[in-house]
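Descriptive analysis of the structure
Spelled out from the first residue to the last, the chains are:
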Amino acid sequence: MSLLDELVESDFVKVSRSLDVDRFRSIEGLGEARSIPIDAKNFAASFASLKLKSCSIHLQRTFPRILQMHYSTTGAIVGFTMDDAASLIIDGVEARAPALLLVKGTATCEIVEQRANLLALVNFASIDDRGWPGDADSAQLIVTLPDKCQALRAMVGDVLTLASHSPDTFAQPNVIEHVEESILQAVDLAMAAASPTHEARRLSLSNYLALVRKLDEFVAVNAGKTLYSADVARQLGVSVRTLHNAVVAIRGMSMHRYMRLRRLWNVRQQLVRGESPQSVKAVALVNGFWHMGEFTSMYRELFGETPQQTLSAARNNTDSQS
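In what follows, the accompanying structure is described. (Residues numbered from 1 in each chain as written. Predicted model: local features only at pLDDT ≥ 70, side-chain atom pairs only at ≥ 80, totals over all residues. Heavy atoms only, no water.)

**With respect to the overall build of the protein**
Selection rule: Runs of E in the DSSP output that reach at least two residues are strands. Runs of H or I that reach at least four are helices, and both are numbered from the N terminus. The atom set for the radius of gyration is the C-alpha atoms, and the globule formula is 2.2 Å times the number of residues raised to the power 0.38. Residue contacts are defined here by distance: any two heavy atoms, one from each residue, within 4.5 Å place the two residues in contact.
The helix and strand inventory of the protein stands at 11 helices and 11 strands. Taking 2.2 N^0.38 as the reference for a compact globule, 322 residues should give roughly 20 Å; the C-alpha atoms of the protein span a radius of gyration of 21 Å, in line with that estimate. For the protein, the C-alpha atoms occupy an extent of roughly 65 × 50 × 30 Å along the three principal directions. In the protein, once contacts between residues fewer than 6 apart in sequence are set aside, the share between residues at least 24 apart is 78%.

Structure follows, in structure tokens:
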């Protein structure tokens, strides 16, 4: 069992376990998130949150997805993986332990997770005079030493376990303040041993990052329309090759696969609502899928069920609530 599986709700710890990808909700208090699943089979996302006086701790089991995360904090958010096997791509840069994500103020990150990960995020209301690197309203990956990263993981794990299983301890005078200071010191030590990831690499990705965001905006504005790569590239003022290279760098997959994932997710969201009398075929055609056999196969591979099963379940749920 992982740490998240062992946690139980208490007066301090809140635990949320999502039953399926359609009812998954993002962690509150960190900002706004938009996810597109890469693989929704065997879905088991969940998270636990601990709110203290000047910071909050969030432990999350994620799922394979593309995530656009708009972080927002009055101080700083520090994120890190809870094991060495975890891996994700943040703004085109692979983030493996002992890397930390440091967000100050508000910042948007483009994240790709090819597998489920166990992640921790600590949101500090204020970090005045701590001397952590980075500018205001920015996000960056910081590489620290393995032992400092492990110490931070252990500290967060111990705090969550104590708050979950021994909440009476947290109710004692000054205990929360002492806990917060211990967490800050663990982050201080990790930051002191850290160095930013190679700046030249980040600069080379900045144009690609901006281009992918323009692509997403263009797709959102033209929802329901059939989009061809050459037309999209022309509208964005770049070549198809440049657009493809940007998507590969930021999303970790080809432009064709990325656009297909977006369209499949749009189909599912329309079917889950179950409001339209339209058939599966009509919804598929609106989203650019004309080969029904291929469409059904891709949908089943991504979500573990056929589109007709999704629609039937949604309609049955609607009927039961009438």
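Alright, that's what it looks like, and here's the rest.
**Let's talk about the packing of helix α2 (residues 146-165) against helix α4 (residues 175-192)**
We count it as follows: Axis geometry follows a simple rule: fit a line to the C-alpha atoms, using only the stretch in contact for helices, then measure angles between N-to-C directions, giving values from 0 to 180 degrees. Working rule for angles: under 35 degrees goes down as roughly parallel, over 145 as roughly antiparallel, 65 to 115 as roughly perpendicular, anything else as oblique. Helix crossings get a hand from a simple test, with the near helix turned counterclockwise from the far one by less than a right angle marking a left-handed crossing and a clockwise turn marking a right-handed one. Residues are grouped as follows: Ala, Val, Leu, Ile, Met, Phe, Trp, Tyr, Cys and Pro are nonpolar; Asp, Glu, Lys and Arg are charged; every other residue, Gly included, is polar.
Viewed as axis vectors pointing N to C, α2 and α4 meet at an angle of 165°, and their least axial separation amounts to 8 Å. In terms of their interaxial angle, α2 and α4 are classed as roughly antiparallel. α2 and α4 meet at a crossing whose hand is left-handed. Counted together, K148, L152, M155 and V159 of α2 and V179, S182, I183, A186, V187, L189 and A190 of α4 form the full contact between these two elements. Of the residues contributing to the contact of α2 with α4, the split by class is nine nonpolar, one polar and one charged.

**Digging into empty space enclosed by the protein**
Gaps left between atoms are located by rolling a probe of water-molecule size over the structure's atoms. Our working definition: Residues are called lining when one of their atoms sits within 4 Å of a cavity or pocket point, these points coming from a 1 Å grid over the protein atoms alone, where a cavity is a set in which a 1.4 Å probe fits but cannot get out and a pocket is an open set with protein on both sides within 12 Å along at least five of seven lines. Grid points are joined across faces, edges and corners, and a volume is the space filled by probe spheres set on the points.
Under the counting rule described, the total for this entry stands at one cavity of 30 Å³ or more. Counted as a void, the largest cavity has a volume near 300 Å³. Contributing elements (two or more residues each) for the lining of the largest cavity: β5 (65-81), β6 (88-90), β8 (99-113) and β9 (118-124).

**Digging into the state of the cysteines**
Filter applied, for reference: Pairs of cysteine sulfur atoms within 2.5 Å are identified as disulfides in what follows.
Counted under the stated rule, the structure contains zero disulfides. C149 provides the cysteine sulfur closest to C55, a residue in no disulfide bond, and the two sulfurs are 18 Å apart. The closest cysteine sulfur to the non-disulfide-bonded C149 is located on C109, 17 Å from its own sulfur.

**Section: the packing of aromatic side chains**
Condition: Ring pairs shown here join Phe, Tyr and Trp side chains whose ring centres sit within 6.5 Å, with only the six-membered ring taken for Trp; geometry is labelled stacked below 30 degrees between planes, edge-to-face above 60, and tilted in between. For the exposure calls, accessible area comes from a 1.4 Å probe over protein chains only, and a residue counts as buried if that area is under 20% of its type's maximum, exposed if over 50%, partly exposed in between. Any Lys NZ or Arg CZ that is within 6 Å of a ring centre and within 35 degrees of that ring's normal is treated as a charge sitting over the ring.
The tally for this structure, following the rule as stated, stands at nine aromatic pairs. Ring plane angle 50° and centroid distance 5.4 Å describe the contact between F12 and F170, whose orientation is recorded as tilted. Remark: F170 occurs in helix α3 (residues 167-170) and F12 occurs in the loop between α1 (3-6) and β1 (13-17); sequence separation between them is 158 residues. The same class applies to F12 as to F170, namely buried. Note on F24 and F43: the rings are 6.1 Å apart at their centroids and 80° apart in plane angle, and the pair reads as edge-to-face. Residue F24 is located in the loop between β1 and β2 (31-37), and its partner F43 is located in the loop between β2 and β3 (46-51); the two are separated by 19 residues in the primary sequence. Summarising the burial analysis for this pair, F24 and F43 share the class buried. Ring-pair connections join several aromatic residues into one group, and the members of that group are W265, F289, F295, Y299 and F303. Just above the ring of F63 sits the side chain of R65; from NZ or CZ to the centre is 5.1 Å. The ring of F289 carries the charged tip of R263 above its face, separated from the ring centre by 4.4 Å.

**Overview of the layout of surface pockets**
Here the largest pocket is characterised by a volume of approximately 640 Å³. Considering every element that reaches the lining of the largest pocket, the biggest residue donor is helix α8 (residues 255-273), with seven residues. Taken together, the residues that form the lining of the largest pocket break down as 12 nonpolar, nine polar and five charged. In this structure, the second largest pocket occupies an estimated 470 Å³ of space. Along its surface, the second largest pocket is lined by 23 residues, and R34, S35, I36, W265 and Q269 are the ones closest to its centre. Broken down by element, the residue count for the lining of the second largest pocket peaks at six residues, all from α8. Class assignment for the residues of the lining of the second largest pocket results in 12 nonpolar, five polar and six charged.

**Regarding the pattern of salt bridges**
Let me state the cut-off plainly: By convention in these notes, a salt bridge is any Lys or Arg side-chain nitrogen within 4 Å of a carboxyl oxygen on Asp or Glu.
Here the structure, examined in full by the defined rule, presents 14 salt bridges. Among the ionic pairs, D22 bridges to R268, the shortest N-O distance being 2.7 Å. Of the two residues, D22 sits in the loop between β1 and β2 while R268 sits in helix α8, which places them 246 residues apart along the sequence. By relative accessible area, which is 32% here, D22 ends up partly exposed. Ionic pairing is found between D231 and R234, a salt bridge with its closest N-O pair at 2.8 Å. Linking D231 with R234, this pair stays in helix α6 (residues 229-236), spanning three residues, or about one helical turn. D231 sits in the partly exposed class, given a relative accessible area of 37%.

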